[in-house]
Amino acid sequence: MLSQEEKDLLVSIWESIAPDAEEIGAEALLRMFTCFPKTKTYFAHLDISPGSAHLRTHGKKIIMAVGDGVKNISTLATTLAPLSLLHAYQLMIHPSNFKLLSHCILVTLSCRRPQEFTPVAHGAWDKLLSAVSAVLAEKYR
Ligand code: HEM
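Keep in mind the model is a prediction, meaning the values are calculated, not measured. (Residues numbered from 1 in each chain as written. Predicted model: local features only at pLDDT ≥ 70, side-chain atom pairs only at ≥ 80, totals over all residues.)

Observations concerning unusual backbone geometry
Inclusion rule: Put simply, DSSP H or I for four residues or longer makes a helix, DSSP E for two residues or longer makes a strand, and each gets a number counted from the N terminus. Think of it as a crowd count around each C-beta: if 20 or more other C-beta atoms lie within 10 Å the residue is buried, if 12 or fewer it is exposed, and in between it is partly exposed, with C-beta placed from the backbone throughout.
In the Ramachandran plot, Met92 falls in the positive-phi region, its phi being about 50° despite a non-glycine side chain. Within the secondary structure, Met92 sits in the loop between helix H5 (81–90) and helix H6 (96–112). Given 10 C-beta atoms within a 10 Å radius, Met92 is considered exposed.

The following block contains the structure:
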């Protein structure tokens, strides 16, 4: 699915964004909550107001998990298996929500790394996020 060129591109962009994982994750979450308010219902137990500590901590966790995906593309299902179980059985996140968060991650990356976010890079991130989402949603009933 991802060409070698796309995989190399993802690894190189990942190295550039990893230090900003917290900011990128917090912005992606804030965009999701703002544009798709129903997603907030899953986070009723957290303070998700703009700039909150929860938003930043959780944002960092999400982006670091995406980074694990970038570094382990060939073993995505096993790498992300614990997160798949968590999102399906414990959190019961409806699969439709993964597209919404993926979209917000893409928008955030394009705003924060405009030079690196070429059409080819956009396509590569979209494929990666779709693959990550498929793994996280696969156990959902
Ligand atoms: C928790 C990653 C999508 C809702 C988590 C955690 C990670 C993560 C790493 C923390 C697990 C832990 O603490 O052990 C991801 C990734 C996603 C994704 C990589 C897709 C790219 C979603 C979506 C929703 C969601 C779409 C709902 C709209 C939650 C909730 C928690 C959680 C409610 C628990 C938060 C808490 O109580 O601290 N996710 N997630 N996730 N996720 Fe996701």
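Digging into the site of the ligand
What counts is decided by this rule: Working rule for contacts: place C-beta from the backbone, and if it is within 6 Å of a molecule or strand, that residue counts as near it. Gly is placed with the polar residues, together with every amino acid not listed as nonpolar (Ala, Val, Leu, Ile, Met, Phe, Trp, Tyr, Cys and Pro) or charged (Asp, Glu, Lys and Arg).
In the neighbourhood of the ligand, 20 residues make up the surrounding shell, with Tyr42, Lys61, Ala65, Asn97 and Leu101 lying closest. Counting residues per element, the ones that place at least two in the shell around the ligand are helix H3 (53–71), H5, H6 and helix H7 (119–137). At five residues, the largest contribution of residues to the shell around the ligand is made by H3. In terms of residue class, the shell around the ligand is built from 13 nonpolar, six polar and one charged.

As for H7
What counts here: Each helix should span, by expectation, one fewer than its residue count multiplied by 1.5 Å. Note that the arc is defined by the directions from the helix axis to the C-beta atoms. The contact criterion used is a C-beta to C-beta distance within 7 Å, with each C-beta placed from the backbone.
Taking 1.5 Å per residue, 19 residues should reach 27 Å; H7 reaches 26 Å between its end C-alpha atoms and fits that length. Buried residues of H7: Ala124, Trp125, Leu128, Leu129, Val132, Val135 and Leu136, and no others. The arc enclosing the buried residues of H7, seen along the axis, measures out at 125°, which places them on a common side. Pointing more than 90 degrees away from the buried face of H7 are the exposed residues Pro119 and Val120. The inward-facing, buried residues of H7 abut helix H1 (4–17), H3, helix H4 (76–79), H5 and H6.

Examining the nonpolar core
What counts here: By definition, a nonpolar core groups buried Ala, Val, Leu, Ile, Met, Phe, Trp, Tyr and Cys residues that are joined through C-beta atoms within 7 Å.
Within the largest apolar cluster, 24 residues are counted, with the highest numbers of intra-cluster contacts made by Ala28, Leu101, Ile105, Trp125, Leu128 and Val132. If you list the elements that add at least two residues to this core, you get helix H2 (21–35), H3, H6 and H7. Among the elements that take part in this core, H7 stands out by supplying seven residues, more than any other.

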